[in-house]
Amino acid sequence: MVRITEEEFTDLDGRVRKMRTIEAARARIQHTDGKVEEYSDTTAEEWPWTPDDRPPEWRLFGIPIPQFFERRLRLDGVTISLLSDNGEIILKIGSIAMGMQMSAGSPIHLMGSEIPLDS
C-alpha cells in the first residue's frame, strides 16, 4: 500500500521547510522511443532545498540503475510517474538525472523535477 507523508523541519536559517515522501509506489518509466517499464516498491523523497522559483525536485530509490548502463538507455526525455494502488498517477517527474550520495551505504538514485499533472 502506498504511503505519503509530509514532515516539517526548521533549517539552519530558521526557515520552516517541508519534505514529502512517497513509499511503496509503483514507478512507470516512459522512454522517448515509446518503451514503458514498471517497477514496484519505489520510494520518492522531495528535496527540501529546491529554490522557490523552480519546481520541486525529487530523489527516486528502488529503480534498478544498472539496467540503464547495460542497455545504454538515455535519460533525456524520460519521464517517471509514481502510481497509487489503483493505478492513478500521484507524481510525475522529468529532467531525469542520476545522483549519488558520497558515502558507501547510500545507493545511486535517480533525480528529477516535478511535472504538473495537468500538463
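These remarks concern the structure in this document. (Residues numbered from 1 in each chain as written. Predicted model: local features only at pLDDT ≥ 70, side-chain atom pairs only at ≥ 80, totals over all residues. Heavy atoms only, no water.)

## A word on the pairing of strand β7 (residues 109-115)
Piece 1. The sheet contact formed by strand β4 (residues 57-61) and β7 spans four bridges and is antiparallel. Opposite E57, over in β7, you have S113 as the bridge partner.
Piece 2. Where strand β6 (residues 89-99) meets β7, six bridges bridge the pair, whose relative direction is antiparallel. Looking at β7, one finds that M98 is bridged to L110. (Pairing = 2+ DSSP bridges. Helix = DSSP H or I, 4+ residues; strand = E, 2+ residues; numbered from the N terminus.)

## Things to note about the nonpolar core
Piece 1. I22, I80 and L82 are the most contacted members of the largest nonpolar core, which has 19 residues in total.
Piece 2. Secondary structure elements with two or more residues in this core: β2 (16-30), β3 (36-47), β4, β5 (79-83) and β6.
Piece 3. Take this core: its biggest share by element is four residues, from β2.
Piece 4. Residues in contact with I80, not counting those within four places in the same chain, are A27, R28, I29, L60, I63, L91, K92, I93, I96 and L110. (Core = buried A, V, L, I, M, F, W, Y, C linked by side-chain atoms within 4.5 Å. Buried < 20%, exposed > 50% of the residue type's maximum accessible area, 1.4 Å probe, protein only. Contact = heavy atoms within 4.5 Å.)

## Brief notes about the side chain of T42
Piece 1. Its location among the elements puts T42 in strand β3.
Piece 2. For T42, a relative accessible area of 0% gives the class buried.
Piece 3. Filtering out sequence-adjacent residues up to four positions away, T42 remains in contact with I22, E23, A24, A25, A27, F61, G62, I63 and L82.

## Notes on the packing of aromatic side chains
Piece 1. Evaluated as defined, the whole model comprises two aromatic pairs.
Piece 2. Measuring from centroid to centroid gives 5.4 Å for W47 and W49, while their planes differ by 65°, and the two rings are edge-to-face.
Piece 3. The exposure class of W47 is partly exposed, given its relative accessible area of 30%.
Piece 4. Connected via pairs of aromatic rings, a cluster forms that spans F9, W47 and W49. (Phe/Tyr/Trp six-rings, centres within 6.5 Å; stacked < 30°, edge-to-face > 60°.)

## Looking at the pattern of salt bridges
Piece 1. One pass over the full model with this rule turns up 11 salt bridges.
Piece 2. For the salt bridge of D11 with R17, the shortest nitrogen-to-oxygen distance reads 2.7 Å. A single burial state applies to D11 and to R17, both of which are buried.
Piece 3. R54 is paired through a salt bridge with E57; the nearest N and O atoms lie 3.1 Å apart.
Piece 4. When its relative accessible area of 44% is taken as the criterion, R54 is described as partly exposed.
Piece 5. Each of E6, E8 and K18 takes part in a single network of salt bridges with overlapping partners. (Salt bridge = Lys/Arg side-chain N within 4 Å of Asp/Glu carboxyl O.)

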